[in-house]
Amino acid sequence: MKTMTVGEFKTHFSEVLEQVRGGEKVAVTFGKKKEVVGYFLLELPQQAKRNLGILEGQANAIFSDDFKITDDEFLGL
């Protein structure tokens, strides 16, 4: 993660935006203590929620980002 002061951020704003588009994460600091006041990173759009058919409104399913299943588990082997 790249760290820069507010002044550096303002001076190189367009360059920073291009870096963020490329996947770079940037922390912006402020003051003598250089405390982090903000982060800039690429945020991907959220996927639309899928309806659960006949259970719509009666149940929900949430899968965490680190959810993994093997092919054998998926196929019930």
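The shown structure was predicted, so the numbers you read here are calculated from the model rather than taken from an experiment.

A. A look at the confidence of the model for the protein chain. Summary statistics for the protein chain give a mean pLDDT of 85 and a share of 95% for residues scoring 70 or more. By mean pLDDT, the top-scoring element of the protein chain is helix α1 (residues 6–11) (95), and the lowest-scoring one is helix α3 (residues 71–75) (83).

B. Fine view of the nonpolar core. Counting six residues, the largest nonpolar core consists of Met 4, Phe 9, Val 16, Val 20, Val 26 and Val 28. Where this core is concerned, the elements lending two or more residues are α2 (13–21) and β2 (26–30). Ignoring sequence-local partners within four residues, the contact set of Val 20 consists of Val 26, Phe 40, Leu 41 and Leu 42.

Conventions and cut-offs
Residues numbered from 1 in each chain as written. Predicted model: local features only at pLDDT ≥ 70, side-chain atom pairs only at ≥ 80, totals over all residues. Heavy atoms only, no water. pLDDT = per-residue confidence, 0-100. Helix = DSSP H or I, 4+ residues; strand = E, 2+ residues; numbered from the N terminus. Core = buried A, V, L, I, M, F, W, Y, C linked by side-chain atoms within 4.5 Å. Buried < 20%, exposed > 50% of the residue type's maximum accessible area, 1.4 Å probe, protein only. Contact = heavy atoms within 4.5 Å.

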